[in-house]
Amino acid sequence: MSLESEISIRRTFGIISHPDAGKTTLTEKLLLFGGAIQEAGAVKSNKVKKAATSDFMEIEKQRGISVATSVMGFYYKDKKINILDTPGHQDFAEDTYRTLTACDSVIVVIDVAKGVEPQTEKLVQVCRMRATPIIVFINKLDREGKDGFDLIDEVEQKLGLTLCPLSWPIGMGQRFQGVYNIWERNLNLYSANNKQRISEVTSFKDIQSPELNGFVGDEAAEELRSDMELLDAVYPSFNQDSYEKGALCPVFFGSALNNFGVRELLDCFQEIAPQPQPKHAEERLVLPNESDFSGFVFKIHANIDPNHRNRIAFLKVVSGTFQRNKTYLHTRTGKPFKVSAPTAFMASKKSTIDEAFPGDIIGIPDNGSFRIGDTVSVREELHYVGIPSFSPEHFRFINNADPLKSKQLNKGIDQLMDEGVAQLFTLKQNNRKIIGTVGALQYEVIQYRLEHEYNAKCSYEMFPAFKACWIESFDDDQLREFSSLKQRYLAEDKFGRLVFLADSKFSLQMAQDKFDKITFHLKSEF
Ligand code: G4P
């Protein structure tokens, strides 16, 4: 197959949701449709239960399992679908943000009863920054939930999206009778007793037809007709271009658990979801169909075997054809390297591959030479942009608890930060190290891994910071004044960028008011 054809069949996406909305269940049902797994329950094992928030050993266990489910690839209707796993646990949100940079589109799962929840808001915000195309799946229609119109209003307002329903529920909870599939113009009926789809009425183009009353009863038929009238009047119809620009988001309704509405979602997805997209490097825009291979690392996974510090770097192919055993350039270090055992992830099994194409994710065995965000090319100096760090929520000094092991500690910290477990800031004033994390859980993970993988011990001490702000200044005098005033709170991140660790919302506000020629960014790329 030509490179163009390989590109045109690939669909690489992520499923995001607030924990418990049904992401795992939906993933599993999609894999069942794709024949990638044979039975329900296969993906569940990857899930870190909410109850386990303080049980990081559980997370350590899951870390091993989740290598296999990091990318789940399968073929469906001649398309090669790659689902990228995104951790549901909010303490690992930063992992999800990074994985989103490798997704060409996303499906957002929303619980019909709970509506838009905080984690959904954060994740969609990240997608909107990159104008990622979004499909919304409203889940758990077998339960009582919010009225369809209220819900899509809420989604539009809270998530800042423009929606276009491509299916519409007929009743809900006990009265749930199915959905009218606007995309395919057919009727899917559901039996609450058997909790499954009972029939599909194909080509039900005219909902004015009295036949509808025969299927769903007079009351529901009337309700559907008036809902459809309102939908036609108020919501835009589907437009491929607007969807691809992230400006219009199709909505589907269903119940992942009951396998209802999932086939319809997948069928539409494979038709409309974008193929691998061009990507910006600092130097230029790179197109997928360029003959030279290039890609970037968006995730690094430490191996489960603590005795060997080998890791897997997950690389998304952006352009050209990747080939096993060919010499490539690691553009940050300038070093050439070869991959003799690259892995691909099909049907949740790992296998060695000889070639990979744009949209594919390959696993590269790594012993510490890769960092998240690294670019690989044939020979061109390329540096892909777009993996920003976001301000952490928690900050603590990290101290060496075993003076004889300072080398091990530093190496361990360095490598864990390369993996993206947390962010490291070094105070300008005294070089003390501060670890910033999204969730408190990471501190335990770091301490445990330093001890078990690097034979080093650490202790923590609170550092009272509210947010980390990356500093951009248009005025040297102001920057000097600011630096001398706030020297206790100035640090460098891992890349040597200047960061202000604001101790409170108030002090950040004060700094912003006083230093009007300095911009305070809550993420590292601006
Ligand atoms: P997550 O990955 O987004 O965190 O959610 P997950 O799929 O694990 O689903 C969370 C809970 O919601 C699970 O129940 C799951 O069975 C249930 N669920 C998912 N889809 C539907 C649906 O369409 N209808 C209904 N009624 N429930 C749904 P649980 O009791 O927490 O877990 P389990 O014991 O079923 O594994």
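Okay, so let's go over this structure. Just so it is clear, the model here is predicted, and its values are computed rather than measured.

With that settled, the discussion passes to the site of the ligand. Around the ligand, the surrounding shell holds 19 residues, and the nearest of these are Asp 20, Lys 23, Thr 24, Thr 25 and Ser 255. Between the ligand and Gly 22, the relevant distance is 3.0 Å, taken from an oxygen atom to a main-chain nitrogen or oxygen of the residue. Separating an oxygen atom of the ligand from a side-chain N or O atom of Lys 140 is a distance of 3.1 Å. When isolated, the ligand has an accessible area of 710 Å², and the protein chains bury 75% of it. Sort the elements by how many residues they give to the shell around the ligand and helix H2 (residues 23-33) lands first, with 3 residues. Residues of the shell around the ligand, tallied by class, amount to 4 nonpolar, 7 polar and 8 charged.

Within strand S1 (residues 10-17), 8 of the 8 residues are buried, leaving the element largely enclosed by the surrounding structure. Side chains of S1 alternate between two faces, with Arg 10, Thr 12, Gly 14 and Ile 16 and Arg 11, Phe 13, Ile 15 and Ser 17 buried alike. As paired strands, S1 and strand S3 (residues 79-84) are joined by 5 bridges and run parallel to one another. Counterpart to Arg 11 in the pairing with S3 is Ile 81. Relative to strand S4 (residues 105-111), S1 runs parallel, the two sharing 5 bridges. Bridging across to S4, Gly 14 finds its partner in Val 106.

On to the pattern of salt bridges. According to the stated counting rule, one finds 33 salt bridges in the structure shown. We note a salt bridge from Glu 290 to Arg 284, for which the minimum N-O separation is 2.9 Å. Assessed through its relative accessible area of 30%, Arg 284 is described here as partly exposed. Between Glu 492 and Lys 428 there is a salt bridge, with its nearest N and O atoms 3.4 Å apart. On the criterion of sequence distance, the pair formed by Glu 492 in strand S29 (residues 490-492) and Lys 428 in the loop between strand S25 (423-427) and strand S26 (433-437) is long-range, its members being 64 residues apart. For Glu 492, a relative accessible area of 31% translates into the label partly exposed. When salt bridges with common partners are traced through the structure, they connect Lys 77, Glu 184, Arg 263, Glu 264 and Asp 267 into a single cluster.

Following the criterion strictly, the structure yields 22 aromatic pairs and no others. On the numbers, 5.2 Å between centres and 80° between planes, the contact of Phe 397 with Phe 463 is edge-to-face. Residue Phe 397 is found in strand S24 (residues 394-400), and its partner Phe 463 is found in the loop between strand S27 (458-462) and strand S28 (467-473); the two are separated by 66 residues along the sequence. Taken individually, Phe 397 and Phe 463 each receive the classification buried, so the pair is uniform in this respect. Members of the aromatic cluster, joined through ring pairs, are Phe 296, Phe 298, Phe 314 and Tyr 384. Cation over ring: Lys 299 sits above Phe 314, and NZ or CZ is 5.5 Å from the ring centre. The ring of Phe 466 carries Lys 467 above its face, with NZ or CZ at 5.4 Å from the centroid.

Looking now at the packing of H2 against helix H10 (residues 262-272). One can describe the packing of H2 onto H10 by two numbers: an axis separation of 10 Å at closest approach and a directional angle of 70°. In terms of orientation, H2 and H10 fall into the roughly perpendicular class. Seen from H2, the contacting residues are Leu 26, Lys 29, Leu 30 and Phe 33; seen from H10, they are Val 262, Arg 263, Leu 265 and Leu 266. Taken together, the residues that form the contact of H2 with H10 break down as 6 nonpolar, no polar and 2 charged.

Turning our attention to the environment of Ala 465. Mapping Ala 465 onto the fold places it in the loop between S27 and S28. For Ala 465, a relative accessible area of 17% corresponds to the buried category. Taking the C-alpha atoms as reference points, Ala 465 and Lys 505, separated by 40 residues in sequence, lie 9.4 Å from one another. When residues no more than four places from it in sequence are discounted, the contact partners of Ala 465 are Phe 395, Leu 501, Ala 502 and Asp 503.

In this structure, Ile 134 and Trp 168 are the most contacted members of the largest nonpolar core, which totals 84 residues. Of the residues that make up this core, three or more belong to each of domain 1 (3-272) and domain 2 (279-377). Apart from residues no more than four positions distant in its own chain, Trp 168 is found in contact with Gly 148, Phe 149, Ile 152, Gly 178, Val 179, Tyr 180, Ile 182, Leu 224, Asp 227, Met 228, Leu 231 and Phe 253. In terms of nonpolar packing, the next biggest core, distinct from the first, is built from 28 residues, Ala 21, Met 72, Val 109 and Cys 164 among them.

Each value, and the rule that gives it
- Residues numbered from 1 in each chain as written.
- Predicted model: local features only at pLDDT ≥ 70, side-chain atom pairs only at ≥ 80, totals over all residues.
- Heavy atoms only, no water.
- Near = heavy atom within 4 Å.
- Polar contact = N/O pair within 3.5 Å; in protein donor to acceptor, adjacent residues only side chain to side chain.
- Areas by Shrake-Rupley, 256 points an atom, 1.4 Å probe, with all protein chains shown as cover.
- Helix = DSSP H or I, 4+ residues; strand = E, 2+ residues; numbered from the N terminus.
- Nonpolar A, V, L, I, M, F, W, Y, C, P; charged D, E, K, R; others polar.
- Buried < 20%, exposed > 50% of the residue type's maximum accessible area, 1.4 Å probe, protein only.
- Pairing = 2+ DSSP bridges.
- Salt bridge = Lys/Arg side-chain N within 4 Å of Asp/Glu carboxyl O.
- Phe/Tyr/Trp six-rings, centres within 6.5 Å; stacked < 30°, edge-to-face > 60°.
- Lys NZ or Arg CZ within 6 Å of the ring centre and 35° of its normal.
- Axes fitted to C-alpha atoms, helices over the stretch in contact; angles between N-to-C directions.
- Parallel < 35°, antiparallel > 145°, perpendicular 65-115°, else oblique.
- Contact = heavy atoms within 4.5 Å.
- Core = buried A, V, L, I, M, F, W, Y, C linked by side-chain atoms within 4.5 Å.
- Domains from an automatic or database assignment.

Geometric descriptors of this kind do not, in isolation, establish any biological role.
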